[in-house]
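Observations on the model geometry
Single-letter residue listing:
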Amino acid sequence: MPSEPAPGPARRAVSSLDHRIETATGHDIDTLWAHRDSGLLDEAHATLVDRHRELADAERGVTFHRTLLHRLSSGEFPVDEALFVRIDRTVSQLEQAADTRDTVARQVLLALEPVETTARTAHRRTPEALSTTDQAALLAIAGGAKLHEHLLTNRLSVTAASGARIPYAELQRLETAGLVARDTSHPVHAGQPVTLTDAGRAALTARRQPRPAPAPTSVLQPGAWPARSVPRR
């Protein structure tokens, strides 16, 4: 009897909650997963993505067993006692997979509630968009960074794990804005770790609203004739 193949790895499975998650966060699922892998999400969003990954696995399980059941009933195999055993086993596995999916979906909804609440509150405010320089600095700091003091010149600068260097003045500005924080328990000459705050992660992953198109200088009403041009003298 041929053994059933195991579900193969996939980037993500589309779930019934994808659209709701994307609406609340302003990002598609793949972007959220990438932000999670890069450590850019705050605790609430990270928890939501983790639960969604579990839901994606559960959805793949349901799809796998449903596809297998369809294959068993498609006429590919001879109708005998072995086929009945496999069908019964697959139906039981499909039922268990559906129960697991429903349980995980409820956990996703619980993790989604605080994110939706925050999104509704943030929608009433218009956050200041990050400049290109600020965004590059925050992205570099997100991968790990330390503030160092040169032993000879006493100059301060931030070195990121990627090798990028951030001027101290830029760091001070980001600190004042509440976007980054330093671990002052470490001496500067040994390197003070610099990390993103929750506000910094939110600013970095915030939805970028497109700029509105400029309004036309004049609007021609439907059915109206264009105004006559002034004749040249």
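The secondary structure content of the chain amounts to seven helices and five strands. About 15600 Å² of surface is accessible on the chain, with carbon and sulfur atoms providing 55% of the total.

Looking now at the nonpolar core. Proteins that are soluble and globular tend to have nonpolar side chains buried together. Counting residues in hydrophobic clusters, the biggest one holds 19 residues, and the most contacted among them are Leu138, Ile141, Leu174, Val180, Val194 and Leu196. When contributions to this core are tallied by element, the ones reaching two or more residues are helix 5 (132-142), strand 1 (145-149), strand 2 (156-160), helix 6 (168-176), strand 5 (192-196) and helix 7 (198-205). Here this core takes four residues from helix 5, the largest share from any one element. Ranked by size, the runner-up nonpolar core spans 18 residues in total, among them Trp33, Ala46, Leu55 and Ala56.

Spatially, the five strands line up as an open sheet ordered 3-2-1-5-4, and their pairing is antiparallel. Every interior strand has two partners, whereas the edge strands, strand 3 (165-167) and strand 4 (180-182), have only one. Within the sheet, the average angular offset between the axes of one strand and its neighbour, ignoring direction, is 30°. As paired strands, strand 2 and strand 3 are joined by three bridges and run antiparallel to one another. Looking at the pairing, Thr159 lines up with Arg165 of strand 3.

Attention now moves to the confidence of the model for the chain. On average, the chain scores 79 in pLDDT, and the residues at 70 or more come to 78%. Throughout residues 209-230 the model reports pLDDT below 50, and contacts reaching past four residues in sequence, or to other chains, amount to two contacts.

Another aspect to go through is the pairing of strand 2. As paired strands, strand 1 and strand 2 are joined by five bridges and run antiparallel to one another. For Ala145, the partnering residue across the bridge sits in strand 2 and is Ala160. If you look at the hairpin formed by strand 2 and strand 3, you'll find four residues sitting between the two strands, and Gly163 has a positive phi there, around 100°.

Right, let's talk about the pairing of strand 1 for a bit. For strand 1 and strand 5, the ladder comprises three bridges, and the chain directions are antiparallel. Paired with Lys146 across the bridge in strand 5 is Pro193.

Position of Thr90 relative to the elements: it lies in helix 4 (residues 81-123). For the pair Thr90 and Leu68, spaced 22 residues apart in sequence, the C-alpha separation works out to 7.4 Å. Apart from the residues lying within four places of it in its own chain, the contact partners of Thr90 are His65, Leu68, Leu69 and Leu72.

What follows covers the packing of aromatic side chains. In the structure shown here, the tally under the stated rule is zero aromatic pairs. Positioned above the aromatic ring of Trp33 is the side chain of Arg53, whose terminal nitrogen or guanidinium carbon lies 4.8 Å from the ring centre.

Here we come to the pattern of salt bridges. Enumeration over the complete set of coordinates arrives at 11 salt bridges. Between Glu116 and Arg20 there is a salt bridge; the shortest N-O distance is 2.7 Å. With Glu116 in helix 4 and Arg20 in helix 1 (residues 18-25), the pair connects residues that are 96 residues apart, well separated along the chain. The exposure class assigned to Glu116 is buried, which follows from its relative accessible area of 15%. Taking the shortest distance from any N to any O, the salt bridge between Glu175 and Arg182 comes out at 2.9 Å. The class for Glu175 is partly exposed, based on a relative accessible area of 25%. Linked by salt bridges that have partners in common, Asp134, Glu170 and Arg173 make up one network.

Criteria and thresholds
Residues numbered from 1 in each chain as written. Predicted model: local features only at pLDDT ≥ 70, side-chain atom pairs only at ≥ 80, totals over all residues. Heavy atoms only, no water. Helix = DSSP H or I, 4+ residues; strand = E, 2+ residues; numbered from the N terminus. Areas by Shrake-Rupley, 256 points an atom, 1.4 Å probe, with all protein chains shown as cover. Core = buried A, V, L, I, M, F, W, Y, C linked by side-chain atoms within 4.5 Å. Buried < 20%, exposed > 50% of the residue type's maximum accessible area, 1.4 Å probe, protein only. Pairing = 2+ DSSP bridges. Axes fitted to C-alpha atoms, helices over the stretch in contact; angles between N-to-C directions. pLDDT = per-residue confidence, 0-100. Contact = heavy atoms within 4.5 Å. Phe/Tyr/Trp six-rings, centres within 6.5 Å; stacked < 30°, edge-to-face > 60°. Lys NZ or Arg CZ within 6 Å of the ring centre and 35° of its normal. Salt bridge = Lys/Arg side-chain N within 4 Å of Asp/Glu carboxyl O.

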